[in-house]
Amino acid sequence: MQFSVQTANPAKAETDCVVVPVFKDGELLPAAAKLDDASERLIGQLVERGDFDATLGNVLMVPFAPGLCTARLMLVGLGKQENCQETAFLRALDAASEALIKLPADDAVTTFIDVPLEDRDSAWKARKILEAIVRAGYRFDRFKSSPTPLSSLKQLTLTAHDSDDARHIEAGAQEGLAIGDGINYTRTLANLPGNVCTPRYLAGEAEILATESSGALTAEILDEDALEALGAGSLLSVGRGSAEPTRLIVMHYRGADNPDEAPHVLVGKGITFDSGGISLKPGAGMDEMKFDMGGAASVFGTAKAVLGIRPRLNLVFIVAAAENMPGSKATKPGDIVTTLKGLTVEVLNTDAEGRLALCDALTYAERFEPASVVDIATLTGAVITGLGHHASGLLSNDDDIALDVLDAGETAWDRAWHLPLWDEYQQQLDSNFADLANIGGAPAGTITAGCFLSRFTDNYPWAHLDIAGTAWHSGKQKGATGRPVGLLTQYLLDRQNEADVEDAER
Ligand code: BES
Ligand code: MN
Ligand code: ZN
């Protein structure tokens, strides 16, 4: 997708379609008013006659537009002006994007920048407009005999109020494009079936990303021998029952002016299929456990977005990749494993494998002396009970980082909710036979999973995102969402802005 920004009157735009958001009550927005003036009040009349109902998410295609230079007009309902906040804006935008992508149109002009939103500037809207159109164009039909034809849309023009506005829109749109690409990449990796997307497949993706980055990203893969030599007995214990070998994937992005600047580290849970192991899961819906590498997929997607944006930061992306299967060599309930940190863990439930994989990756992260570490994992079913499918769960050992992650989620509209990591919960992990157990009983399952990880993160500021409820949709819409790539990319961009402000003050 290409984009451009224009300040000219949209009535003069020679294009295949102009997209016009319209409030149910209230006046036409500035670009809509100009289009209305130039077309003998086409838009106003359609609304007045009841031919267009501007309820939120309604779309009306007007196949020709006298007086205008466009081939067609797309009216998009915004609902009532008083309810126009981010959620409404994004719903209307998704409806418009999905309709636009289906049109026989090569290019289009969108006037969504006009929609007034408190506390959101043109750059934010531009970013969301590009993100939405890129997401709408996503298809996953690698395994279909007859793929759905690709959209013909190649060029999207955003209208700006003036040249200053245009510069902000340009910057926001560029980010939105990169983030949209990152989201779609995450969706593809997560949607791939477990028999294709194995730990070795993910390792291969890291090498492809590195090759395509022309030197900006390097990849290092630790195989089972390397992990054995290192002492990563916990990560290795997860893959023991599988014929697919375990991998620890490490990617470096060096974008900071100072090559020694402390990196921010992202760590993803990459269980390419979670059968539960010997603590086997029930059969219903087990196919969805191919999404159990959603955290890893979001780390790859964020790396992709970063390569599109090239922030001046040092970053490390780590993926702990294994397949959790009940083979004859599988870890059994009661087995005790030794982690890379040296702590021993009594595995009371082999289905609590994510924390066993992540803890060694989190210890591995120590060697980079990180400025911060964020891990992302489809870790607990309990987070779905608590937060449903709208918020990711957030746990952290540092309130500043927790706030930074929450803020990034607000900005990206990919939100998280903070849960307590109080000491009182830690004793649920006591074991009679080892330093700790890998499960903490029924109460507060998301928090005790966070407690487990916290035992391995005392040497740096750390946040954990439990994305079990947000990484994919079930049911008819089954498929990966690409979350939380938006949050993570924003988190990193915010760290760059923070560094820029500190530099300016110095
Ligand atoms: N990958 C699952 C978590 C999960 C479950 C995500 C359902 C999405 C939907 C994780 O490995 C797991 O099995 N967790 C267990 C932990 C329990 C055994 C303490 C869970 O949540 O049931
Ligand atoms: Mn599990
Ligand atoms: Zn799992």
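Here the structure is shown first, and the text comes after it.
Quick summary incoming for the structure in this document. (Residues numbered from 1 in each chain as written. Chains lettered and ligands numbered in written order. Predicted model: local features only at pLDDT ≥ 70, side-chain atom pairs only at ≥ 80, totals over all residues. Heavy atoms only, no water.)

A few points about the site of ligand 1
Thinking step 1. The environment of ligand 1 is formed by 17 residues, the closest being K281, D292, D351, E353 and G381.
Thinking step 2. Note that an oxygen atom of ligand 1 is positioned 2.8 Å from one of the side-chain N or O atoms of D351.
Thinking step 3. Notes on ligand 1: free accessible area 510 Å², of which the protein chains cover 76%.
Thinking step 4. Using a 2 Å cut-off from the grid points, one finds that ligand 1 occupies the second largest pocket. (Near = heavy atom within 4 Å. Polar contact = N/O pair within 3.5 Å; in protein donor to acceptor, adjacent residues only side chain to side chain. Areas by Shrake-Rupley, 256 points an atom, 1.4 Å probe, with all protein chains shown as cover. 1 Å grid on protein atoms, 1.4 Å probe; cavity = no way out; pocket = protein on both sides within 12 Å on 5 of 7 lines; lining within 4 Å. Sits in = over half its atoms within 2 Å of the grid points.)

Topic: the coordination of the zinc ion (ligand 3)
Ideal donor angles around a metal are set by the shape: a four-donor tetrahedron calls for 109.5 degrees, a six-donor octahedron for 90 or 180 degrees.
Thinking step 1. Around the zinc ion (ligand 3), the protein supplies K269 (NZ), D274 (OD), D292 (OD) and E353 (OE) as donor atoms, at distances of 2.0 to 2.4 Å.
Thinking step 2. Each of the six donor atoms bound to the zinc ion (ligand 3) contributes to angles spanning 78 to 175°, and the resulting shape is octahedral.
Thinking step 3. Going along the chain, you hit the donors of the zinc ion (ligand 3) in the pattern K-x4-D-x17-D-x60-E.
Thinking step 4. In this model, the zinc ion (ligand 3) sits 3.1 Å from the manganese ion (ligand 2), the two metals being bridged by D274. Taken together, the residues D274 in strand β9 (residues 264–274) and D292 in the loop between β9 and α9 (294–309) connect sequence positions 18 residues apart.
Thinking step 5. Given a relative accessible area of 3%, D274 falls into the buried group.
Thinking step 6. We classify D292 as buried; its relative accessible area is 2%. (Donors = N, O, S within 2.8 Å, 3.2 Å for Na, K, Ca; no water. Tetrahedral: all angles 85-135°; square planar, octahedral: opposite > 155°, others 65-115°. Helix = DSSP H or I, 4+ residues; strand = E, 2+ residues; numbered from the N terminus. Buried < 20%, exposed > 50% of the residue type's maximum accessible area, 1.4 Å probe, protein only.)

Side note on the packing of α9 against helix α14 (residues 485–505)
Thinking step 1. Two elements in contact, α9 and α14, have axes whose closest approach is 9 Å; the angle formed by their N-to-C orientations is 50°. Viewed along their axes, α9 and α14 adopt a mutual orientation that is oblique. Read as a crossing pair, α9 and α14 show a hand that is right-handed. Side by side, α9 and α14 meet where S298, G301, T302, A305, V306 and I309 of the first sit next to V485, L488, T489, L492 and L493 of the second.
Thinking step 2. Each residue belonging to the contact of α9 with α14 can be placed in one class, and the counts come to seven nonpolar, four polar and no charged. (Axes fitted to C-alpha atoms, helices over the stretch in contact; angles between N-to-C directions. Parallel < 35°, antiparallel > 145°, perpendicular 65-115°, else oblique. Left-handed = near helix turned anticlockwise from the far one by under 90°. Contact = heavy atoms within 4.5 Å. Nonpolar A, V, L, I, M, F, W, Y, C, P; charged D, E, K, R; others polar.)

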